[in-house]
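As a plain string of letters, each chain reads:
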Amino acid sequence: MTRIPLRTALVVSALAVGLSACQSASPEPEASSGSVSSLGTASGKTTGAVYVTGAKADEDPCARVVSAIGYLGLSLRPAGQEEAQHWDGDVRGRFGYLRGTLAMYGPHLPASASASVATIDGLADTLSRADTAGSRRTDLLRRYRKASDAVLTACGRS
């Protein structure tokens, strides 16, 4: 009889459980009046996929975008300290979250915010990537701050 070391048996068991969990069919989401799989418009037509967990079509676009800007701001150094900003996965991920929020709610913001939304999206795309050169990040962050301030102003929250 061949003996399997306990450690090997435990690892194999854990892998088997993990693999079976990954392969099991995920339940279909239950339809409810509060859940959507895409952002709707006033006409009831959908405009795209949900990029933000918990997003609902009837939410105030300004409130969602202002919240995402604030969420990112929690991980940023204060204005004037851009050179000291750390660019870890948290900061880059929050720029990615902001992009998803803009994809869903940006088109529904006041028209005066549209150029700034496009600017933020491009900057956030670059700043969310790990391969963006550190020498570029300081200027890009300053440009992001100006554009996000313009969106906050357009939403009446400066």
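Residues numbered from 1 in each chain as written. Predicted model: local features only at pLDDT ≥ 70, side-chain atom pairs only at ≥ 80, totals over all residues. Heavy atoms only, no water.

Draft legend 1. Representation of the state of the cysteines within the structure. Summed over all chains, the structure comprises one disulfide. The disulfide partner of Cys62 is Cys155, and the S-S distance across this bridge is 2.1 Å. Between Cys62 and Cys155 the sulfur-sulfur dihedral comes to about -80°; the bridge is accordingly left-handed. Pair noted here: Cys62 is in helix H2 (residues 61–73) and Cys155 is in the segment after helix H5 (134–154), with a separation of 93 residues, a long-range link. (Disulfide = S-S within 2.5 Å. Helix = DSSP H or I, 4+ residues; strand = E, 2+ residues; numbered from the N terminus.)

Draft legend 2. Representation of the packing of H2 against helix H3 (residues 89–105). Direction vectors running N to C along H2 and H3 enclose 170°, while the axes themselves pass 9 Å from each other. Judged by the angle between their axes, H2 and H3 are roughly antiparallel. Only Val91, Arg94, Phe95, Tyr97, Leu98, Thr101, Leu102 and Tyr105 of H3 make contact with H2, whose side of the interface consists of Pro61, Arg64, Val65, Ala68, Ile69, Tyr71 and Leu72. (Axes fitted to C-alpha atoms, helices over the stretch in contact; angles between N-to-C directions. Parallel < 35°, antiparallel > 145°, perpendicular 65-115°, else oblique. Contact = heavy atoms within 4.5 Å.)

Draft legend 3. Spatial organisation of the packing of aromatic side chains. Applying the stated criterion across every chain yields a total of three aromatic pairs. Look at Tyr71 and Tyr97: their rings are 5.4 Å apart centre to centre, the planes differ by 70°, and that puts the pair in the edge-to-face class. On the criterion of sequence distance, the pair formed by Tyr71 in helix H2 and Tyr97 in helix H3 is long-range, its members being 26 residues apart. An aromatic cluster of three or more residues is present, and its members are Trp87, Phe95 and Tyr144. Of note, Arg94 hangs over the ring of Tyr71, and the distance from its end group to the ring centre comes to 3.9 Å. (Phe/Tyr/Trp six-rings, centres within 6.5 Å; stacked < 30°, edge-to-face > 60°. Lys NZ or Arg CZ within 6 Å of the ring centre and 35° of its normal.)

Draft legend 4. Region of interest: helix H4 (residues 114–127). Helix length check: H4 (14 residues) gives 20 Å between terminal C-alpha atoms against 20 Å at 1.5 Å per residue, within 8%. Within the span of H4, buried status applies to Ser116, Val117, Ile120, Leu123, Ala124, Thr126 and Leu127. (Expected span 1.5 Å × (residues − 1). Buried < 20%, exposed > 50% of the residue type's maximum accessible area, 1.4 Å probe, protein only.)

Draft legend 5. Spatial organisation of the environment of Tyr144. Here Tyr144 shows up in helix H5. Separated by 24 residues in the primary sequence, Tyr144 and Ile120 place their C-alpha atoms 5.8 Å from one another.

Draft legend 6. Representation of the confidence of the model for the protein chain. Scored by pLDDT, the protein chain comes out at a mean of 77, with 65% of its residues at no less than 70. Here residues 9–46 is a poorly scored stretch, pLDDT under 50, and it has 28 contacts once near neighbours within four places are set aside; other chains count. (pLDDT = per-residue confidence, 0-100.)

Draft legend 7. Local environment of the pattern of salt bridges. Considering all chains together, one arrives at ten salt bridges under this definition. Where Arg94 meets Asp90, a salt bridge forms, and the shortest distance between an N and an O atom there is 2.9 Å. With Arg94 and Asp90 both in helix H3, this residue pair falls four residues apart, about one helical turn. A residue is classified by how much of its surface remains accessible, and Arg94, at 14% relative accessible area, is buried. Given a relative accessible area of 35%, Asp90 falls into the partly exposed group. A salt bridge links Asp125 to Arg99, with the nearest nitrogen and oxygen atoms 3.2 Å apart. On the criterion of sequence distance, the pair formed by Asp125 in helix H4 and Arg99 in helix H3 is long-range, its members being 26 residues apart. Accessibility expressed as a relative area gives 27% for Asp125, which makes it partly exposed. The partly exposed category is assigned to Arg99, whose relative accessible area is 29%. Connected via shared salt-bridge partners are Arg99, Asp121, Asp125, Arg129 and Asp131. (Salt bridge = Lys/Arg side-chain N within 4 Å of Asp/Glu carboxyl O.)

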